[in-house]
Structure formats: C-alpha cells, structure tokens
Amino acid sequence: MAKSREQAFNEIVRRVRKECFGKGPERIHTVFVDNMAISILQGNLTPTEKFISRTPEGAEIVRSARTNMIQALYAKKVPEGMEELAGSKMLYLFSDFKVEEDMGVSVFIFEKPIGQGALSCTNATDATDEA
C-alpha cells in the first residue's frame, strides 16, 4: 500500500503531539511548498485545556504553553523519521495556536526542497489524515 509523503508527515506530527500533550490532533492537513511543510492541525485540545481556556487568561496560558512546548521540543530533537521523509535537514519551526478555534499551524523549514510523490508503506495507521 502506498501512502503520500503528506500522510506520512502527518503521522509523525500526530505522534509527537500525542506524546507531548496526551492527545494528538483529530485532523491534520499538510502541504509541501519548496523547502517548507505547512501543517494545519485541528481538534487538538484536551478536556483540561478546554476547561482552562474558558477565560481569556486561561486561553492565553494554553496558547503559550502549546506554542512554546512544541518549539522547545523540536529545537531539542527533530522527531524520528521527519528529516528522512523530507530528504533534508530541518532548520526551523514556526508555530502558533488559535485556542478559540482549536486550531494550530506549524511551518517546518528544511534546508532543501522536499521531494514529492508516494512512499511505500508497510504499516499504515488508522489516524484520519487530510491531504
């Protein structure tokens, strides 16, 4: 079974978010443009984060925590398989989170343009991916 490079990238992003926050995004849509992977993540918040974000101050705490934790995590170590999948070294990650819409955006910048096309896949996941 072949899966797209975008689907495989989404699986890596989902795994990292699930490990970091205890819940991965319900939907991820990734596009590759030149040396960038742009991912839109929806359905991210845990029940606790939803509760905390009921006030403006709580929403800012959740936004800041999600943004800072992800950037620190990727700065410390690029997730396993991500650079191999992109065929290039990851240089930067820009990310932000809109609590009210439960939506995050991450822009991954790689050293070289990202290859296109399908990948051969031996173990697909049951996660929902939009490509």
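Up top you'll find the structure we're talking about.
Here's a quick rundown of the structure. (Residues numbered from 1 in each chain as written. Predicted model: local features only at pLDDT ≥ 70, side-chain atom pairs only at ≥ 80, totals over all residues. Heavy atoms only, no water.)

**Thoughts on helix H1 (residues 5–21)**
Helical geometry note: an α-helix holds 3.6 residues per turn, so side chains three or four residues apart project in the same direction. So the rule is basically this: Secondary structure follows DSSP: runs of H or I at least 4 residues long count as helices, runs of E at least 2 residues long count as strands, and numbering of each begins at the N terminus. What a helix should span is 1.5 Å times the count of its residues minus one. Think of it in three bands: residues with accessible area under 20% of the maximum for their type are buried, residues over 50% are exposed, and the middle band is partly exposed, with areas taken using a 1.4 Å probe on protein chains only.
End to end, H1 covers 24 Å across 17 residues, agreeing with the expected 24 Å (1.5 Å per residue, within 8%). The buried count for H1 comes to 12 of 17 residues, which makes it a mostly enclosed element. Within H1 the residues assigned to the buried category are Arg-5, Glu-6, Ala-8, Phe-9, Asn-10, Glu-11, Ile-12, Val-13, Arg-14, Val-16, Arg-17 and Phe-21. Remark: Gly-22 follows H1 within two positions and exhibits a positive phi of approximately 90°.

**Brief notes about the nonpolar core**
Applied cut-off: In this text, buried Ala, Val, Leu, Ile, Met, Phe, Trp, Tyr and Cys residues form a nonpolar core when linked through side-chain atoms within 4.5 Å. Contact criterion: two residues are considered in contact whenever any of their non-hydrogen atoms come within 4.5 Å of each other.
Membership of the largest hydrophobic core comes to 20 residues, with the highest contact counts inside it found for Phe-9, Val-13, Tyr-74, Met-82, Phe-108 and Phe-110. Within the residue set of this core, elements represented by two or more residues are H1, strand E2 (27–33), strand E3 (36–42), helix H3 (56–76), helix H4 (82–86), strand E4 (90–98) and strand E5 (103–110). It is H1 that provides the largest number of residues to this core, a total of 6 residues. The contacts of Phe-108, once residues within four sequence positions are left out, are Phe-9, Val-13, Asn-35, Met-36, Ala-37, Ser-39, Tyr-74, Met-82, Met-90, Tyr-92 and Leu-93.

**Regarding the sheet that holds E4**
To keep it simple, the criterion reads: For two strands to be treated as a pair, DSSP must find at least two bridges joining them. Axis definition: a line fit to C-alpha positions, over the contact stretch in the case of helices; interaxial angles, taken between N-to-C directions, run 0 to 180 degrees.
Reading across the sheet, the 4 strands line up as E2-E3-E5-E4 and stay open at both edges, with antiparallel pairing between neighbours. Either end of the sheet is taken by a strand with one partner, and the two such strands are E2 and E4. Averaged over all neighbouring strand pairs, the angle between strand axes comes to 15°, with direction disregarded. Sheet analysis places E2 next to E3, joined by 7 bridges and oriented antiparallel.

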